[in-house]
Amino acid sequence: MSQWTARRQRLKQWLAQHEADAFLVSSAANVRYLFGFRGEGLGVVASVSALCTDRRYELDAAALPGRIERVLHPAGHLEGAIEHLRALGARKVAFESQALTFATFEQLRKKLRGVKLLPTSGVVEGFRAVKSPEEIALIARAAEVTDQALAAILPLLKPGVTEREVALELDRQLVMHGGERPAFDTIVAFGPSAACPHAVPGPRVLEPGQMVKIDCGARVDGYCADITRTVPVGKPDARLQQVYGAVLEAQQAAIAAARAGLACKDLDAVARDVLRCHGLAEQFGHGLGHGVGLEIHELPAVSTRSQDVLRRGMVVTIEPGVYIEGWGGVRIEDTVAIEARGCQVLTRTPKWEVSGA
Ligand code: GLY
Ligand code: MN
């Protein structure tokens, strides 16, 4: 049985438990996870599952593994899915409330009169949170590509270069080293720009003594990697060194603590407590990390409010950061795979050590 058939089988068990006849899959990542399909379309998982797309993807759909119907409806993907659901005689249809527009919902309600529509949230995302060894290998490969791309652009970090120039070359290197494309919009931020956690690379010119924050990742066969490094150009001042040292200590403490069974909020607390000891907790304004897989941000959340617990096979980021308006920011991030007694760090680009300043 292919991995896609096995995943759909698992969803069919969920349908049986919830006395539903079909699951309408509209999240692109979930369609890919359940069908192996990379194009635009909708999935229906039911006694007879279907991939509903259009003629642009006819050959891709034909090549998909498993016993599924390929529905190519001239009026669109939704019409195809509705036709399939009618043919199945489905009476109760689950849908993804976070991946379906209100307009689409209205269409379903109008065209499937008498059918109970069951809103769901996080069902397939929950399956996806724990990765198979094959998925972890793809994320590890994406991490390797990312490390190689980062190594290739480090020599560019000289006074006079702009954020945009570095970001553009980094994106090129991510592809040249084997990535399909960047997993998300690359962040390159010099000096004060780094105070914004998700700074957009701009025309700012690098000056001696500034820190450079780079956040990037490759995508390989759909799977993402995520890394942030903050590196000095020239000799950073004492404050930069002190903040950097605190963030590195927080990150190392969290990597050392990460293991199956630990609550995600407790992992977040490990890093946050270190920063608190340095008087920097207030400047750490986001969660410690997030799951990584077919999407750059997926379950589990690693934050103060998370209810998730780390499990073997989850892949998460560990990315404490300190951001000070008008001054700058430091973030250090790795993608790690959770194991029974620890974690495997998949991103391996060396980190700057303060003592080497
Ligand atoms: N690396 C981008 C993010 O985690 O938001
Ligand atoms: Mn991240």
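See above for the structure.
Read on for an overview of the structure. Just so you know, these numbers come straight off a predicted model, no measurement behind them.

Definitions and cut-offs
Residues numbered from 1 in each chain as written. Chains lettered and ligands numbered in written order. Predicted model: local features only at pLDDT ≥ 70, side-chain atom pairs only at ≥ 80, totals over all residues. Heavy atoms only, no water. Helix = DSSP H or I, 4+ residues; strand = E, 2+ residues; numbered from the N terminus. Rg over C-alpha atoms; globule rule 2.2 N^0.38 Å. Buried < 20%, exposed > 50% of the residue type's maximum accessible area, 1.4 Å probe, protein only. Contact = heavy atoms within 4.5 Å. Areas by Shrake-Rupley, 256 points an atom, 1.4 Å probe, with all protein chains shown as cover. Core = buried A, V, L, I, M, F, W, Y, C linked by side-chain atoms within 4.5 Å. Pairing = 2+ DSSP bridges. Disulfide = S-S within 2.5 Å. 1 Å grid on protein atoms, 1.4 Å probe; cavity = no way out; pocket = protein on both sides within 12 Å on 5 of 7 lines; lining within 4 Å. Points joined across faces, edges and corners; volume = space filled by probe spheres on them. Near = heavy atom within 4 Å. Polar contact = N/O pair within 3.5 Å; in protein donor to acceptor, adjacent residues only side chain to side chain. Nonpolar A, V, L, I, M, F, W, Y, C, P; charged D, E, K, R; others polar. Salt bridge = Lys/Arg side-chain N within 4 Å of Asp/Glu carboxyl O. Axes fitted to C-alpha atoms, helices over the stretch in contact; angles between N-to-C directions.

Another aspect to go through is the overall build of the chain. When helices and strands are counted, the chain shows 10 helices and 19 strands. The C-alpha atoms of the chain give 23 Å as radius of gyration, which agrees with the globular expectation for 357 residues (21 Å, within 12%). In terms of its C-alpha atoms, the chain occupies a principal-axis envelope of roughly 70 × 40 × 35 Å. Here the chain, with 357 residues, has 55% of them falling under the buried criterion. Look at the contacts in the chain between residues 6 or more apart in sequence, and 66% of them connect residues 24 or more apart. Entry remark: accessible area of the chain is about 15900 Å², with carbon and sulfur atoms responsible for 52%.

Here we take up the nonpolar core. L11, F23, V212 and I214 are the most contacted members of the largest nonpolar core, which totals 59 residues. Among the elements that take part in this core, helix α7 (residues 133-153) stands out by supplying eight residues, more than any other. The contacts of I214, once residues within four sequence positions are left out, are L150, I153, L157, L170, I187, V188, I227, T228 and R229. Core analysis: the next-biggest nonpolar cluster, separate from the first, contains 35 residues, M211, V247, A254 and A258 among them.

A few words now on the sheet that holds strand β10 (residues 218-220). As summarised here, the arrangement of the three strands in space is β7-β10-β11, forming an open sheet in which the pairing is antiparallel. Unpaired on one side and paired on the other, β7 (181-182) and β11 (223-224) mark the two borders of the sheet. Both β7 and β10 contribute to a ladder of two bridges, which runs antiparallel. Along β10, the bridge assignment pairs P182 with A218.

Before going further, it helps to examine the state of the cysteines. Scanning all chains against the criterion turns up zero disulfides. Residue C224 stays outside any disulfide, its sulfur separated by 12 Å from that of C216, the closest cysteine. By relative accessible area, C224 is classed as buried at 0%.

Our next topic: empty space enclosed by the protein. Leftover empty space is mapped by rolling, across the atoms, a probe with the size of a water molecule. Under the criterion given, the structure shown has one cavity of 30 Å³ or more. Approximately 30 Å³ is the volume attributed to the largest cavity. The wall of the largest cavity is formed by L150, L154, I214, R229, V231 and T349.

Looking at the element boundaries, R113 is found in the loop between α5 (102-111) and β6 (116-120). On the basis of relative accessible area, R113 is assigned to the exposed category, the value being 65%. Expressed as a C-alpha distance, the spacing of R113 and L156, which sit 43 residues apart in the sequence, is 61 Å.

Here we come to the site of ligand 1. If you check the shell around ligand 1, you find F184, H198, D215, D226, H290, H297, E319 and E333 and nothing else. One of the side-chain N or O atoms of D215 is found 2.9 Å from a nitrogen atom in ligand 1. H290 places a polar side-chain atom, nitrogen or oxygen, 2.9 Å from an oxygen atom of ligand 1. For ligand 1, the accessible surface in isolation is 200 Å², of which the surrounding protein chains cover 93%. Here the shell around ligand 1 is built from residues that sort into one nonpolar, three polar and four charged.

The residue T347 is located in the segment after β19 (343-345) in this model. Its relative accessible area of 2% is what places T347 among the buried residues. At 2.8 Å, the side chain of T347 forms a polar contact with the side chain of D334.

Glancing now at the pattern of salt bridges. Following the criterion strictly, the structure yields 19 salt bridges and no others. Between R172 and E169 there is a salt bridge, with the nearest N and O atoms lying 3.1 Å from each other. Placement of the pair is R172 and E169 together in helix α8 (residues 163-176), with a separation of three residues, close to one helical turn. The partly exposed category is assigned to E169, whose relative accessible area is 22%. Each member of the salt-bridge network shares a partner with another, and the members are R128, K131, E295 and E298.

Read from one edge to the other, the open sheet built from six strands follows the order β4-β3-β2-β1-β5-β6, with strand pairing classed as mixed. Sheet topology places β4 (69-72) and β6 at the edges, where each strand pairs with a single neighbour. Between one strand axis and the next, the sheet turns by 20 degrees as a mean value, whatever way the strands run. Sheet topology note: the strand β1 (residues 22-25)/strand β5 (residues 92-96) ladder contains three bridges and is parallel.

No statement about biological role is implied by the geometric values presented.
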